[in-house]
Amino acid sequence: MDGEEMRWEDCPLEELIDRGVVHSLAKRLQVEEGPLFERLCAAYEGARAGGTLRREGEGLGFSLDGGVEILLVKNSNPARDRPCYLKYRIGGELRPEAAALSEEVRGEIYRLLTGLHPFGEPIALAQASSDLIAAGYTKASLGVYKMKTAFEQLEEFAQLLTREEFDPPVVEVVLRPCPRYEAAQGAPTAPAGPKEPAAAPGGTPPGGGGERPLPEGMEGNIFLTKAAAQNANYLLTGLRGGYLSHQQTAQLMEGYRAAYRGDRIERRGDAWFFDTTLTGTTGEGVVASFKEASPGGSYGWYVNWVGYDRDNSRPGDELGKFAYLGNMTEFLRTLAQMALPERWSFSRDNADDYSILVRYIKYTFYRLKQEGKVCILEREGRREFAAFNTGLVDHTYEEIYACFLPNAQPEKTPWAFDCFCTAGSRGAGKRLVDSFNPLPQAASYFRRKEDLLYDLERELILDRHHIIVDNVNRLPLDFLEEVLYDSGEMRPVLCGLREGRPGEQKALYDRLRAFLDSGDKHFRRICSRVDEAVELAKKRVRWNFKTALPCFFPTRNVMSLMLPLALLRDDRVDVALVVELTQSGNYQGQTILPLREAYIDARLLCRPDSDWLDTSAAAAAGEED
């Protein structure tokens, strides 16, 4: 039946909506879909019989037990054969009360916000919410549905002001001093009271470039944010959700003092970096960076990041540090021509675009270096010859090796690229056989069958906030426009993203992140769509185990699996969901990747044999983005 040629009131609910549209509501109410559909039908028939069906615009509304309001809206999706789809609103009795913030959390938030913003100056609620989110204080962790609800509990030092002159009205936060939080003595992650920064040895601020001198110690001067402490704990233990112990925090602070005294605090852009002296689970040293806070706050600086030193030792830089490669395009062209034919670019128009191959060879070298598989021949302390296995083969399936000779300018790099060869071939190939036994081995990635196969019996837990809010820029713009269609506040933001105005994209996405984290309706809507896409991906894995693609992340040195997420249409994959097997045996949905990045990460292991991820699909997705 055509919804435009019928009176919905005259039809039973089964003829108006598809059973599948109750999936999201069932998850929200934590009930089974079948019984919920029967309850909906009974409530609808009761409303018809009792004359309580109501028109709301072009929709038709009725009430479900438990304070749930249902609205039937005209379906414009040609993939569904019913004239309506379902929207719902949950009443107050089903909405949990906001959790009361503990004194410890209030104090942490006070020290964080006053460390970033001066007293008395209005801050947009969206900005203040973003600051809390960046420090790890999400709606879920605070136990609230809206960030505004959390701020309403902080009236002792955070006053909310509504600017009615704007349309829609703008809510701002004004910070006020609170002596009891200033004086509070707590964990070393939030020491009390600012100290006057001490001058650096010799009167020069290390890394400061003539600006405000850096403090001699972190205590009272550099605020360790919650997010930084959580990330540091993850690097040290491999477990998420925990914090640094007092002993680890003390070691980090001692690492800062040692870096200060040794003049080893390095300025990079608007941040300062130092070695924490902590060691992560990969065996790599952990570094931290901190930035200057806004004037007038309790802290002069705050730690904005803790991790492995990717700027000084990024995986993609290691090959260039090892050897001079000459003209990079020629280097890549020679390798591509020697290897089995393969598409090494997402572009069909530029013959010299090797964007996939360049990442492949750099990350392969990084992995080989980690495994100790870069072979070097030295005699009497002098370098003579070096080689590594590229992981690629020629048309006869002979492995291809990259060969190097000592660089005539060793102060730049120790080696210089010589040629690619196969073992035993004339010239370098014969020297390779003569120099190394065994021959240079290919990179290894797989340690267990779980690295290759997705186990449908294990539970998959999604990091929804990171996937949806932090990575909202990776979601298709068409999808965002569809799920935010009823938000007047976000309409100009989405228009700006669609127009692609230079220099504005980051600010627009930041506004979108703050919006999603400050309101529950749209965030839940996206969660529901992502959950549906995950369930579809699992069905695809059940049908074909090759759907789950193994991949390797050089920056984290871990194996993961990728699942296809179709957010707009079931027959088109939009992004890849990265899942990692945890120590507990559950899968953790870590993040989402654009298809181009997903292909590059999967290609490190082998050329993907996939029905959803290849260079054509990735290129098409990139063009649409």
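Predicted model only: the values in this text are computed from it and were never measured.

Draft legend 1. A look at the overall build of the protein chain. In terms of helices and strands, the protein chain carries 20 helices and 22 strands. Taking all 625 residues of the protein chain together, 48% fall into the buried category. By sequence separation, contacts in the protein chain at least 24 residues apart represent 58% of the contacts at least 6 residues apart. Accessible surface, the protein chain as shown: approximately 30,200 Å² in total, 49% of it carbon and sulfur.

Draft legend 2. Structural detail: helix α16 (residues 491-499). Those residues of α16 lying buried are V493, L494, G496 and L497. Looking straight down α16, one finds that the buried residues subtend no more than 160 degrees of arc, so they occupy a single side. Those residues of α16 that are buried are in contact with α15 (477-483) and α17 (505-518). Directly after α16, the chain includes G500, whose backbone phi takes a positive value near 65 degrees.

Draft legend 3. Examining the state of the cysteines more closely. Under the definition given, this model contains zero disulfides. Take C419: it sits in no disulfide, and the sulfur closest to it among the cysteines is that of C403, at 4.8 Å.

Draft legend 4. Looking closely at the confidence of the model for the protein chain. Looking at the protein chain, the pLDDT average stands at 79 and 81% of residues meet or exceed 70. At the low end of the mean pLDDT range in the protein chain sits helix α20 (residues 615-624), at 63; at the high end sits strand β16 (residues 399-406), at 96. The low-confidence segment residues 1-5 (pLDDT under 50) makes six contacts with residues lying over four places distant or belonging to another chain. Note that residues 184-210 has pLDDT below 50 and, in this model, 61 contacts with residues that lie over four places away or in other chains.

Draft legend 5. A look at the pairing of strand β17 (residues 415-422). As judged from the two bridges shared by strand β13 (residues 323-324) and β17, these two strands associate in the parallel manner. For Y324, the partnering residue across the bridge sits in β17 and is A416. Pairing of β16 with β17, which is carried by seven bridges, proceeds in the antiparallel orientation. Looking across to β17, one finds that A402 is bridged to F420.

Draft legend 6. Quick peek at the packing of α16 against α17. Two elements in contact, α16 and α17, have axes whose closest approach is 10 Å; the angle formed by their N-to-C orientations is 150 degrees. Once α16 is placed against α17, the crossing between them reads as left-handed. Judged by residue contacts, V493, G496 and L497 of α16 engage Q505, L508, Y509, R511 and L512 from α17. In terms of residue class, the contact of α16 with α17 is built from five nonpolar, two polar and one charged.

Draft legend 7. Quick peek at a nonpolar patch on the surface. Among the surface-exposed residues, F446, L452, L453 and F545 lie close enough to one another that they form a single nonpolar patch of about 370 Å² accessible area. For L453, a relative accessible area of 40% puts it in the partly exposed group.

Draft legend 8. Representation of the sheet that holds strand β8 (residues 222-224) in the model. One open sheet holds the five strands; their spatial order is β8-β12-β11-β10-β9, and the pairing between them is mixed. The outermost strands of the open sheet, each flanked by one partner alone, are β8 and β9 (266-268). Within the sheet, the average angular offset between the axes of one strand and its neighbour, ignoring direction, is 40 degrees. Bridge count for strand β10 (residues 271-279) against strand β11 (residues 285-292) is six bridges, and the pairing is antiparallel. Paired with F273 across the two strands is S289, which belongs to β11. Its contacts with the sheet place helix α8 (residues 226-237) against β8, β10, β11 and β12 (301-308), and it is angled at close to 20 degrees to β12. Packing of helix α9 (residues 246-261) onto the sheet brings it into contact with β8, β10 and β11, and relative to β10 it is tilted by some 130 degrees.

Draft legend 9. Just the packing of aromatic side chains, in detail. Enumeration over the complete set of coordinates arrives at 19 aromatic pairs. Ring centres of F385 and F436 lie 5.9 Å apart, and the angle between their planes is 15 degrees; on these two criteria the pair is classed as stacked. Placement of the pair is F385 in strand β15 (residues 382-393) and F436 in the loop between α13 (428-435) and β18 (460-462), with a sequence separation of 51 residues. Among the aromatic residues, ring-to-ring pairing joins F322, F331, F365, F388, F404, W415, F417 and F420 into one connected group. In this structure, R603 packs its charged tip against the face of Y360, placed 5.1 Å from the ring centre.

Draft legend 10. Expanded view of unusual backbone geometry. Note the cis peptide between N437 and P438, where omega equals 5 degrees. Tracing the backbone through its elements, the reader meets P438 in the loop between α13 and β18. Within the chain, E380 stands out as a residue other than glycine whose phi angle is a positive 50 degrees. Mapped onto the secondary structure, E380 falls in the loop between β14 (375-379) and β15.

Draft legend 11. Just the side chain of E108, in detail. Considering the arrangement of structural elements, one finds E108 in helix α3 (residues 103-116). Discounting chain neighbours no more than four positions away, the residues touching E108 are Y137 and F223.

Draft legend 12. Structural detail: the nonpolar core. Core analysis: the largest hydrophobic core is formed by 50 residues, its most contacted members being L357, F404, M562 and L613. Among the elements that take part in this core, helix α12 (residues 355-371) stands out by supplying eight residues, more than any other. Setting aside chain neighbours within four positions, we find F404 in contact with F322, A323, L325, F385, A386, A387, F388, W415, A416, F417 and D418. Core analysis: the next-biggest nonpolar cluster, separate from the first, contains 41 residues, L484, M490, V534 and V579 among them.

About the cut-offs
- Residues numbered from 1 in each chain as written.
- Predicted model: local features only at pLDDT ≥ 70, side-chain atom pairs only at ≥ 80, totals over all residues.
- Heavy atoms only, no water.
- Helix = DSSP H or I, 4+ residues; strand = E, 2+ residues; numbered from the N terminus.
- Buried < 20%, exposed > 50% of the residue type's maximum accessible area, 1.4 Å probe, protein only.
- Contact = heavy atoms within 4.5 Å.
- Areas by Shrake-Rupley, 256 points an atom, 1.4 Å probe, with all protein chains shown as cover.
- Arc of directions from axis to C-beta.
- Disulfide = S-S within 2.5 Å.
- pLDDT = per-residue confidence, 0-100.
- Pairing = 2+ DSSP bridges.
- Axes fitted to C-alpha atoms, helices over the stretch in contact; angles between N-to-C directions.
- Left-handed = near helix turned anticlockwise from the far one by under 90°.
- Nonpolar A, V, L, I, M, F, W, Y, C, P; charged D, E, K, R; others polar.
- Patch = residues over 30% accessible without salt bridge, like charges linked within 9 Å, V, L, I, M, F, W, Y side chains within 5 Å.
- Salt bridge = Lys/Arg side-chain N within 4 Å of Asp/Glu carboxyl O.
- Phe/Tyr/Trp six-rings, centres within 6.5 Å; stacked < 30°, edge-to-face > 60°.
- Lys NZ or Arg CZ within 6 Å of the ring centre and 35° of its normal.
- Core = buried A, V, L, I, M, F, W, Y, C linked by side-chain atoms within 4.5 Å.

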